[in-house]
Each structure stands twice: as C-alpha cells, then as structure tokens.
Amino acid sequence: SSRRRHTRLQGDWSSDVCSSDLVLAVGGALMNDQTMNGAFRSVYFSGTMAYHLNLSKYSNIAAGFFGSYNNRRLDYSKRSFGQQFTSGGFDLSLPTGETGLSSMKPYFSLGSGLLYTHFSDDNRFVMDIGGAAFDINQPSLSFLNDESNKLNIRYAGNLNVQYYPNDLVALNFFSFKILVNTAAL
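Parameters and conventions
- Residue numbering note: each chain is counted from 1, following its sequence as written.
- Thresholds applied to this predicted model are a pLDDT of at least 70 for local features of residues and 80 or more for the giving and counting of side-chain atom pairs; totals over whole chains, interfaces and linings are not thresholded and use all residues.
- Excluding hydrogens and water, the side-chain values take into account all heavy atoms of the structure.
- In this description, a nonpolar core means a group of buried Ala, Val, Leu, Ile, Met, Phe, Trp, Tyr and Cys residues linked to one another through side-chain atoms lying within 4.5 Å.
- Partly exposed describes any residue whose relative accessible area lies between the buried limit of under 20% and the exposed limit of over 50%, with all areas from a 1.4 Å probe on protein chains only and scaled to the type maximum.
- Contacts were defined at the residue level, with two residues in contact if any of their heavy atoms lie within 4.5 Å.
- Strand pairing follows a simple DSSP-based rule, namely that at least 2 bridges must link the two strands.
- Helix numbers and strand numbers start at the N terminus; a helix is a DSSP run of H or I with at least 4 residues, a strand a run of E with at least 2.
- Nonpolar side chains (Val, Leu, Ile, Met, Phe, Trp, Tyr) within 5 Å and like charges within 9 Å form the patches, drawn only from residues with over 30% relative accessible area and no salt bridge.
- Here, Shrake-Rupley sampling with a 1.4 Å probe gives the accessible areas, and only protein chains in the shown set may cover a residue.
- The term salt bridge refers to a side-chain nitrogen of Lys or Arg lying within 4 Å of a carboxyl oxygen of Asp or Glu.
- Confidence scores here are pLDDT values: one per residue, from the predictor, ranging 0 to 100.

Colleague: Got a minute to help me understand the nonpolar core in this structure?
Modeller: One broad trend across soluble globular proteins is that nonpolar side chains are buried collectively. Counting nine residues, the largest nonpolar core consists of F40, Y44, L74, Y76, F81, M104, Y107, L141 and F143. Setting aside residues no more than four positions away along its own chain, L141 makes contact with R72, M104, Y107, N149 and L151.

What follows is the structure, encoded as structure tokens:
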C-alpha cells in the first residue's frame, strides 16, 4: 500500500510498504542521569510500541503504549553530613547519622496515548491532535520506604497545525500542555 506523508517545502513524498493498513512501530531508550558529582544517579530503560491505522486516504489514528524500568540511587559515600564533621574537616569514613535513608526501590512506570492526523486533499494542510497519560500505574517513589508517596498521573496534550501556502513558505503552529494532578501532593 502507499501512504501519504507530510508535505515538504519542495513537494510531497510518499512511502510504499508491503503491509495492511495496520502498522506497528517499536522503540526503546536508555538514559543515565547523574547529579551532585555522581552522588544521585538515575537509570531508565524504556520501551514503546504504537499501532498506526489509516482511517481514510486523508487521515490516520495511532495508539501508543510506554513502559519503563527506573532505578534511582543515592551514594552516601559521595556526600558529607553533619555527623562526619570533625575539627580537621569532614571525615567521610565516619557514619552519616542518617539512619532513616535507604536506597530507593526500582519501579516500573506505564503510559499510553492517542494521536489523530488529518491531511488536506492537496497536502498543503496537516493537523495532528493527541493526548497521553504517564505514570498511570502511580508507582511508589521514596528514599524513606514510604509506600504512600506515589507519582501522580501526568496528562499531556498536543495540537500541531501546518499550512503550506506555496512551495517556499511553511506556517506552523504547535501547542503542548502537561497537566499534573497536584491535589494528591
């Protein structure tokens, strides 16, 4: 089947694939983030999957799913605490005195979203509208082993409108909004 795609300034382009009107896309990512000179470290492994379905010659819809394994660690050997302060400065070999802190348990996070795309007959107008929800399983996140400290569900919405009045000009409007339920905080 042949699928119409977004217009480029120099003309249309299309892709030819041997498949049905249902297209499966998969992806993955690995992120390693460090702060406080490496004392706080976050590692994320994530995977995504989306199904794209042509509704007509000029529109399609996509449903996506996201899952991630997250691990955050605080390395106390790279931090100094008041209990470790001596007349000669900080002695990191002494106990921290922070008995309530522990390593955070790894957690899974899940999300999903929908995207609708519409193309005009001449491919000069393209509109995308979508929405997604993140952390829908509301994982627990605490260094104090407090199971009641959960991530709130985050909602995101987007609207993208592109108009090509001619082959040299492209007008684009993009809006993205994230909503977080802060009542539970």
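Having put the structure on the table, let's press on.
Colleague: What is the right way to look at the pairing of strand β11 (residues 169–180) in this model?
Modeller: The sheet contact formed by strand β10 (residues 154–166) and β11 spans eleven bridges and is antiparallel. Residue pairing in the sheet places Y163 in a bridge with L171 of β11. Counting the residues between successive antiparallel strands, the hairpin from β10 to β11 contains two residues.

Colleague: Just checking my understanding: could you explain a nonpolar patch on the surface for this structure?
Modeller: A cluster of nonpolar residues, L24, V26, M49, Y51 and F65, forms a patch on the protein surface that exposes about 480 Å² of accessible area. For the nonpolar patch, the secondary-structure elements that each account for two or more residues are β3 (22–35) and β4 (40–56). Locating F65 in the fold gives a position in strand β5 (residues 59–74).

Colleague: Can you help me understand the confidence of the model for the chain in this one?
Modeller: The predicted coordinates of low-pLDDT regions are not to be read in fine detail. Mean pLDDT over the chain works out to 80, with 82% of the residues at or above the 70 mark. Across residues 1–20, confidence stays below pLDDT 50; counting only partners more than four residues off in sequence or on other chains, it has 46 contacts.

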